[in-house]
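# Topology and contacts: notes
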Amino acid sequence: MTANAAPSLKPGFVLRDTQTGFTPGFQGDLLTDFTFLPDESMLVAGKYGKVNWVPKTGAPRQIANLPSVTDQDMGLQGITVAPDYANSRTVYTTRTVPASGSGAGDFGVLRLSRWSVTVDSSGKPTGLVDERTVLQTSADSNAHGISTVIADEDGTLWVSVGDSADYASESWDLLAFRALDLNDPHGKVLHIKPDGTGVSSNPYYQAANPNSVRSKVYASGFRSPFRFSLDPATNQPILGDVGWDTFEEINRVAPGNSYGWPCWEGEQPTRIYKEQAQCAGVSGVPPMWTYPRSEGSSVIGGVIYQGKNYPAEYQGRYFFADYTSSNLWTMAVDAEGAVPEQFGTDAGAIVKFGATPVGGDIVWADIETSTVRRLVYAPGNNPPVAEVSATNDPATRKVTFNAEKTWDPNGDELVYNWEFGDGTSGTGKVVEHVYPAGTSFTAKLIATDPQNASGTKTITVYPGNNAPVVQLQRSDPQQRYAVGDVISATATATDVEDGNVEVSWNVNTLHCRGVGNCHNHPGARQTGPNFRLPFEGHSGDTQLQITVTATDSKGAQSSQTVTALPKQRRITIESNAPAEFELGDERGATALFTVGMNVTITAPETAADNASTFGGWSDNAPRQRTQRMPDADLTFRASYLSPIERRYNTDAAARQILGAPVEAEQGDGDVRWRVYQGGRLYWSHATGVHLVMGEILAKYLAVGGHQAFGLPTTDELIPQDTRGRYNLFEGGRSIYWTSTTGAHPVFGAIYEKWDARGAEMFNGFPTTDELPTTGNVGRFNAFERGYIYWSNATGANEVHGMIYDRWASLGWERSAVGYPTTDETETPDRIGRFNHFQFGSIYWHPDLGAWEIRGMIRDKWAAMGWETSVLGYPITNETETPDRIGRFNHFQKSGGSIYWHPSLGAFAVYGLIRQRWANLGWETSYLGYPKSDEYEWNGMRRSDFQNGYITYNPATNELIDRRY
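Residues numbered from 1 in each chain as written. Predicted model: local features only at pLDDT ≥ 70, side-chain atom pairs only at ≥ 80, totals over all residues. Heavy atoms only, no water.

The name recorded for the chain in an unreviewed UniProt entry is Glucose/arabinose dehydrogenase, from Kibdelosporangium banguiense.

In structure tokens form, the structure reads like this:
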């Protein structure tokens, strides 16, 4: 956060500041909240208990100073006006109150109070009286207390309560789990009546016990729901939940929902807490929006714009901010997956949003300047905002005026004119002026832009006044502090004009989570010469800034600041595998921590290689351990075991086979392997750890190992016939070995076919690797009792025995029949076997052998009924006729044949007709080729030929051949 930097806003928007009467700066009163009265005046609350009334015109005045615990984020945090204020004069406050005994925590109690406002004769507020406690619970930490209170139109109250747990991110706090407990008010949004009982529409309301905590709970699972507002359309709370380690959240709160803290932060399980048994099975409703804490670490829930003055595009948009980064955003809350749009930067140290009663402009409280800032849409030129400071040298009565913090909403260059109040003037951003005699003068700055718009600021100066002189002593300025060590200092102040002046002490915790990501936590104040404060441990790069201030009767101040730095010692993790260890709120293998802090150290389940898992600490502590930091560096040793190491260490049989490792484990988070004397172990998430050895390993490496052949999915196994060994690999791959065949891979469609047919029990072990066929069109493996051939057109099919021999004699896939399209199959008559091929078939008969048949001859045979036809099985391959014109196959039965002629086609001829035709000289006879099958004709059988026919008379047994 850049203090006092000029804000950068959307074009046309400017800020108009209202002074609250609070002293600005982190040493000042620290404005935390504001609320509008019916006449548009305001009540404003400061962290240290002050309540001021701020009229629309005129000077603010203090009306109350409420006793409050102000350590860290405690103090007076909230103020709101009852909807019937005009009649009841009722307001409500939220604050931490000093208390002890039953119901109190280490820091007192968190209290929601109801007050009556006293007024003067003109109705202007003068005080707060008649405090009545509406809600109260323990303050167990100095952060995440009771914060926002909203008085709804129906008179009910909405209030947010933080978990009041230790905010340090070095370790976890059991108290944080109260956020999930419906019987505890911490970590909740509550909806209650003015008497403190629950609203009957609450999701856990108990009619028999309306004062129970459950009856008051609207939603749960929050860490620090510091600021929220109600959606005007739905009356649902929309809140900002300040993050712990990873994310800031904007949540649209629905009744009964749990938002998961401390088990969830953003949409992720929470570091450290996720390891605790209390988080087992806990779920959380995801936020409406998150942003990482590297971009800001204190979300400030805002309001939905419902006004009349801004451009229409902002109507219904949600304005919210981050305190530490001073960024301002808007977001459409009625759209699924809406993404915020940055509206401004350097918008100030925003801690509360609201809207003006008339016009509805967005306003916010700036804790650093203690002003209420109004976001005004005023396109065009806007006047400068003048800011001035002054210092004086009483010896010379010279006053130095400084206007460097003056800024122009339009970014224009400014002209600076000064009226010194003694009748003289000057120009310049920084000017010096020597005053004549006199006690005080009122100087005026006029800052003018090029369009002659101007802003003014006056300041009263005392040229001859001496500022108090502060004398500060520390017991040891070089001391660094452990948790619990007492920071002690002594200071006095004297003033030339006033004599001894009382000193006051302010403590500011400057907490940084990275370069440019720092924010302040103003702490408790002390008065008097002696300062004592126990040192607390803090996360990140944190220091305590202790400022002692003396102020004289003229308002001149002198301050000195000392910084208390932590005594830090280093924790180092030594690990055999790189891993992202969590050391408190640090990630890495080493970090510094304050002596006396409790630091939670978490070893991740899985190392950076995404494979090795936690094996243990050298001292056998649990994976997540909590260490109170001693005044000495610490080293812890973590051991990670890869899946391969775990297998090797726990599998005695595998160790016996593998022997000792011969090289370091290789690989990454996806694939790992290690070489041993007797083989290798391979691992992946998908396959697990498997052993490959011997000739199978040699073949595996020869074909490319895991990069080419995939990872093993089994150890070496014994096949069903027990003669050999095999491993299976990814992608349907395998390597089989026997002492007689050696090791050969079988994979893809060929492996699938082989495995489906019974693997080695069917046609034995592979005797070759997968090999290419001629022209690299197909692939095949040879097996002990056959082959499997594959092509893209036919798939994988097995062929063996005499059918394979016949196919081989024809030229395998280069032959006229091409690739097999079926496995070897039994014929329907259960006597023979066959394979179909792309362009033919080979049929085998136990007495006849194997013969190929194809083309139109095969088609004719198929049409007749294959081997069950009158012809039976083929007894020849397809053969060229002696005249070299036709083709034929002879068959088993009826002395049959099928002859083919290119002009006539294929026809069967058999029995006595075939015998006569053969005796005449087959196709070379005067009859030529058959041009019909045998058919019934006038009670006889007849076959027609090219030049005649043959008839057979069964009655007379007479054969006749003749020409047409």
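### Overview of the side chain of Asp231
Structurally, Asp231 is set in the loop between β15 (227–230) and β16 (237–241). Within polar-contact distance, the side chain of Asp231 engages the backbone nitrogen of Ala233 at 2.9 Å. If we ignore the near neighbours within four places in the chain, the residues touching Asp231 are Gln236, Ile238, Arg252 and Ile304. (Helix = DSSP H or I, 4+ residues; strand = E, 2+ residues; numbered from the N terminus. Polar contact = N/O pair within 3.5 Å; in protein donor to acceptor, adjacent residues only side chain to side chain. Contact = heavy atoms within 4.5 Å.)

### Remarks on the sheet that holds strand β52 (residues 671–676)
The pairing of strands in a sheet comes from backbone hydrogen bonds and takes either a parallel or an antiparallel form. On the basis of which strands lie adjacent, the open sheet formed by 4 strands has the order β51-β52-β53-β54 and antiparallel pairing. Strands at the two margins of the open sheet, each flanked by one partner only, are β51 (666–667) and β54 (688–692). Here strand β53 (residues 679–684) pairs with β54 via 5 bridges, running antiparallel. In the strand pairing of β54, Leu681 is matched with Leu691. Across the sheet, helix α5 (residues 694–702) lies against β53 and β54, angled at about 60° from β53, the strand it touches most. (Pairing = 2+ DSSP bridges. Axes fitted to C-alpha atoms, helices over the stretch in contact; angles between N-to-C directions.)

### Quick notes on the pattern of salt bridges
For the structure on display, the rule yields 44 salt bridges. A salt bridge links Lys56 to Glu40, with the nearest nitrogen and oxygen atoms 3.6 Å apart. Of the two residues, Lys56 sits in the loop between β5 (50–54) and β6 (61–65) while Glu40 sits in the loop between β3 (31–36) and β4 (42–46), which places them 16 residues apart along the sequence. Taking the shortest distance from any N to any O, the salt bridge between Asp361 and Arg374 comes out at 3.0 Å. (Salt bridge = Lys/Arg side-chain N within 4 Å of Asp/Glu carboxyl O.)

### Examining the packing of aromatic side chains
All chains considered together, the criterion is met by 61 aromatic pairs. Relative to Phe36, the ring of Phe34 lies with its centre 6.0 Å away and its plane at 85°, an arrangement referred to as edge-to-face. By the burial criterion, Phe34 is buried, and Phe36 matches it. With a centroid separation of 5.0 Å and 15° between ring planes, the pair formed by Phe834 and Tyr843 is classed as stacked. Taken individually, Phe834 and Tyr843 each receive the classification buried, so the pair is uniform in this respect. Pairwise contacts between aromatic rings join Phe13, Tyr305, Tyr310, Tyr314, Phe319, Phe343 and Tyr377 into one cluster. (Phe/Tyr/Trp six-rings, centres within 6.5 Å; stacked < 30°, edge-to-face > 60°. Buried < 20%, exposed > 50% of the residue type's maximum accessible area, 1.4 Å probe, protein only.)

### As for unusual backbone geometry
Following Trp261, the chain continues into Pro262 via a peptide bond in cis, with omega recorded as 10°. Even without glycine at this site, Asn620 takes up a positive phi of about 65°. The residue Trp922 is not glycine, and still its phi comes out positive at about 55°. Within the secondary structure layout, Trp922 lies in the loop between α11 (911–920) and β70 (935–937). Residue Trp922 is classed as partly exposed on the basis of its relative accessible area, which comes to 26%.

### Focus: the sheet that holds strand β56 (residues 733–738)
The sheet built from 3 strands is open, its strands ordered β55-β56-β57 with antiparallel pairing. Each of the sheet's edge strands pairs with one partner strand only, and the pair in question is β55 (725–729) and β57 (742–747). Along the sheet, successive strands turn relative to each other by an average axial angle of 15°, direction set aside. Examined bridge by bridge, β55 and β56 share 5 bridges and lie antiparallel to one another. Within β56, the position partnered with Phe729 by the bridge is Arg733. The strands touched by helix α7 (residues 748–756) within the sheet are β55, β56 and β57, with β57 carrying the most contacts at an inclination of about 100°.

### Notes on the pairing of strand β32 (residues 430–434)
Alternating residues of β32 divide into Val431 and His433, all buried, and Val430, Glu432 and Val434, none buried. Across 5 bridges, strand β29 (residues 398–402) lies against β32 in antiparallel orientation. The partner of Asn402 across the bridge, within β32, is Val430.

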